[in-house]
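# Chain and residue survey
Residue-level listing of the chains:
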Amino acid sequence: GSFALWGSGESIQDADIEQIISLPHITSVQKTAETLYAGNSLESPINPGRLGRQTNQWIRSQFSKIPVIIMGFEPSNTAPTLLGGGSAEITQGRYFYLNESDADVALLGQALATKNNLDLGSIININGSDVEIIGIFTSGQVFGDSVLIMPFTTVNRLFELSGTTSLTVEADTVENVRLVANS
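Small disclaimer: the values here were computed from a predicted structure and weren't measured. (Residues numbered from 1 in each chain as written. Predicted model: local features only at pLDDT ≥ 70, side-chain atom pairs only at ≥ 80, totals over all residues. Heavy atoms only, no water.)

## Observations regarding the pattern of salt bridges
The condition is simple: For this analysis, a salt bridge means a side-chain nitrogen from Lys or Arg found within 4 Å of a carboxyl oxygen belonging to Asp or Glu. Strands are runs of DSSP state E lasting at least two residues, helices are runs of H or I lasting at least four, and both sets are numbered from the N terminus onward. Only protein chains enter the accessibility calculation, which uses a 1.4 Å probe. A residue is then buried if its area is under 20% of the maximum for its type, exposed if over 50%, and partly exposed in between.
Counted under the stated rule, the structure contains four salt bridges. For the salt bridge of Lys-115 with Glu-43, the shortest nitrogen-to-oxygen distance reads 3.5 Å. Pair noted here: Lys-115 is in helix H3 (residues 110–115) and Glu-43 is in the loop between strand E1 (26–37) and helix H2 (53–62), with a separation of 72 residues, a long-range link. The partly exposed category is assigned to Lys-115, whose relative accessible area is 42%. For Glu-43, a relative accessible area of 42% corresponds to the partly exposed category. A cluster of three or more residues bridged by salt bridges with shared partners is formed by Asp-102, Asp-104 and Arg-157.

## Side note on unusual backbone geometry
With a phi angle near 50°, Asn-117 is a residue other than glycine that sits in the positive phi range. Position of Asn-117 relative to the elements: it lies in the loop between H3 and strand E5 (123–126). Its identity as a non-glycine residue notwithstanding, Asn-127 has a phi of 50°, on the positive side. By secondary structure assignment, the location of Asn-127 is in the loop between E5 and strand E6 (129–138). The partly exposed category is assigned to Asn-127, whose relative accessible area is 44%.

## Here's the deal with the nonpolar core
To keep it simple, the criterion reads: Put simply, buried Ala, Val, Leu, Ile, Met, Phe, Trp, Tyr and Cys residues joined by side-chain atoms within 4.5 Å make one nonpolar core.
One finds Leu-42, Ile-70, Ile-124, Ile-126, Leu-148 and Met-150 to be the most contacted residues of the largest nonpolar core, which totals 21 residues. Of all elements in the fold, only E1, strand E2 (68–73), strand E4 (105–109), H3, E5, E6, strand E7 (147–151) and helix H4 (152–158) reach the threshold of two or more residues within this core. Counting 14 residues, the second-largest nonpolar core is a separate cluster that includes Phe-73, Leu-83, Tyr-95 and Leu-107.

## A closer look at the side chain of Ser-44
Where we set the bar: Definition of a polar contact: a pair of N or O atoms within 3.5 Å, with one able to donate and the other able to accept a hydrogen when the atoms are protein atoms, and with sequence-neighbouring residues admitted only if both atoms are side-chain atoms. In what follows, residue pairs with any heavy atoms lying within 4.5 Å of each other are defined as contacts.
For Ser-44, the location among the structural elements is in the loop between E1 and H2. Reaching out from Ser-44, the side chain makes a polar contact with the backbone nitrogen of Ile-46 at a distance of 3.1 Å. Among residues more than four places away in sequence, those in contact with Ser-44 are Ile-66, Pro-67, Val-68, Leu-112 and Lys-115.

Below you can see the structure in the form of structure tokens.
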């Protein structure tokens with residue numbers, strides 16, 4: 001998978017996702033609702049120097065500060081793939097329950113939690129909704145540990161998105177990655 005801060009912002013249609021799933025050599029497809037948050041409740045732990053000059057210039061033209069990356073996953077996806085292919089290992093708390101598909105709950109990467117002095121049970125205001133921190137995770141990666149994870153439907157509601165904004169597609173073998181990418 002890949003991640004771009006300057007994507008088109010358009011949702012990926014379900015019919016297109018189904019077509020991708022049906023391609024040969026695909027073993028899994030993860031739907032994600034991704035967005036950026038530059039509100040006052042959170043400060044990103046990302047050092048701007050890690051972003052590269054071009055990305056840093058784009059961010060400065062769009063935001064007054066480095067935004068926090070928000071990733072929304074379905075509660076049934078108990079092993080979500082984060083930025084750069086990392087995974088979230090919960091060190092405190094828990095993941096979403098199946099009935100929390102539209103709940104105001106979140107998990108924080110360890111670096112994000114530390115930067116903002118947040119713990120389990122902390123409440124943060126995201127776009128007018130009080131969101132409870134139910135878990136803290138580590139991914140072993142700078143960007144992964146700086147992410148806020150929420151339920152897929154919650155991200156769509158709080159950020160006025162309309163579905164899937166990113167896909168992580170896995171191929172059955174390394175040799176087939178190029179074939180899948182060109183399909």
